[in-house]
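A structural walkthrough
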Amino acid sequence: MKMMRGAVVIAILCLMATAAGHAQNQDTDAQTLKAILVELRAIHQDMQVTETTQLLVAELQMQQGVVTRTTETADNARDRLNNVRNARQQLTTNIEHLQDRLDNTTNADDKASLSRQIESLKSNVDSLKNSERDSDAKLQDMQQRLRDAQDKLAGIEAELNAAIGRLAPVSK
């Protein structure tokens, strides 16, 4: 009987040890599955961030092109305005010189010729003033477009920096 009891106790202990080992394997399997799931979620999130980053890089490149073209257009508008102003100033100087000659001339034919030249130059100055107003308005418009394009570029850069910041650090 004592032997039976010992055998039963040993059998119960073996069953308990087997059950405990099986329970530990289930816990380990569950932990492993949870770890795999966490890793898959992290990989999925990294892929989404990478895709977003790639789109932002493409958008950044396009916007840099817009800024470059707008800068060139604004520079051309500024050059045009400066050219018109210089031409108007040159005509104004020529008018002053012709007026001085007119004031100092006594010959009637010379006075008539100088008067016609002065009137023609004044007409050209008026035309240049209109062109200057148009060029100035175009320059103002181009400068506003440039500021808008630069603001948009800065926004894209900020989004890209944020997306890069969300990328998980690479393990070594």
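Look up a bit, the structure's there.
Residues numbered from 1 in each chain as written. Predicted model: local features only at pLDDT ≥ 70, side-chain atom pairs only at ≥ 80, totals over all residues. Heavy atoms only, no water.

A contiguous nonpolar patch, built from Leu33, Ile36, Leu40, Ile43 and Met47 and spanning about 510 Å² of accessible area, is present on the exposed surface. With respect to the element layout, Leu40 can be found in helix H1 (residues 2-104). Relative accessible area serves as the criterion here: at 51%, Leu40 is assigned to the exposed category. (Patch = residues over 30% accessible without salt bridge, like charges linked within 9 Å, V, L, I, M, F, W, Y side chains within 5 Å. Areas by Shrake-Rupley, 256 points an atom, 1.4 Å probe, with all protein chains shown as cover. Salt bridge = Lys/Arg side-chain N within 4 Å of Asp/Glu carboxyl O. Helix = DSSP H or I, 4+ residues; strand = E, 2+ residues; numbered from the N terminus. Buried < 20%, exposed > 50% of the residue type's maximum accessible area, 1.4 Å probe, protein only.)

Counted under the stated rule, the structure contains four salt bridges. In this structure, Arg88 engages Glu132 in a salt bridge whose closest nitrogen and oxygen atoms are separated by 2.7 Å. Remark: Glu132 occurs in helix H2 (residues 108-166) and Arg88 occurs in helix H1; sequence separation between them is 44 residues. A relative accessible area of 21% places Arg88 in the partly exposed class. Among the ionic pairs, Arg145 bridges to Asp141, the shortest N-O distance being 3.3 Å. Residue Arg145 and its partner Asp141 are located together in helix H2, separated by four residues, close to a single helical turn. With relative accessibility at 35%, the residue Asp141 sits in the partly exposed group. Here the residues in one salt-bridge network are Arg85, Arg88 and Glu132, joined through shared partners.

Residues Val84, Leu91, Ile95, Leu98, Leu102, Leu114, Ile118, Leu121, Val125 and Leu128 constitute the largest nonpolar core, which totals 10 residues. Elements with a contribution of two residues or more to this core: H1 and H2. Not counting chain neighbours up to four residues away, the residues in contact with Leu102 comprise Lys111, Leu114, Ser115 and Ile118. (Core = buried A, V, L, I, M, F, W, Y, C linked by side-chain atoms within 4.5 Å. Contact = heavy atoms within 4.5 Å.)

Let us now look at the side chain of Thr53. Secondary-structure assignment places Thr53 in helix H1. Under the relative-accessibility criterion, Thr53 is labelled buried at 11%. In contact with Thr53, other than residues within four places in its own chain, are Leu160, Ala163 and Ile164.

So, about the side chain of Glu132. Owing to a relative accessible area of 13%, Glu132 belongs among the buried residues under this scheme. For Glu132, the side chain forms a polar contact with the side chain of Arg85, separated by 3.0 Å. If sequence neighbours within four positions are ignored, Glu132 has contacts with Leu81, Val84, Arg85 and Arg88. (Polar contact = N/O pair within 3.5 Å; in protein donor to acceptor, adjacent residues only side chain to side chain.)

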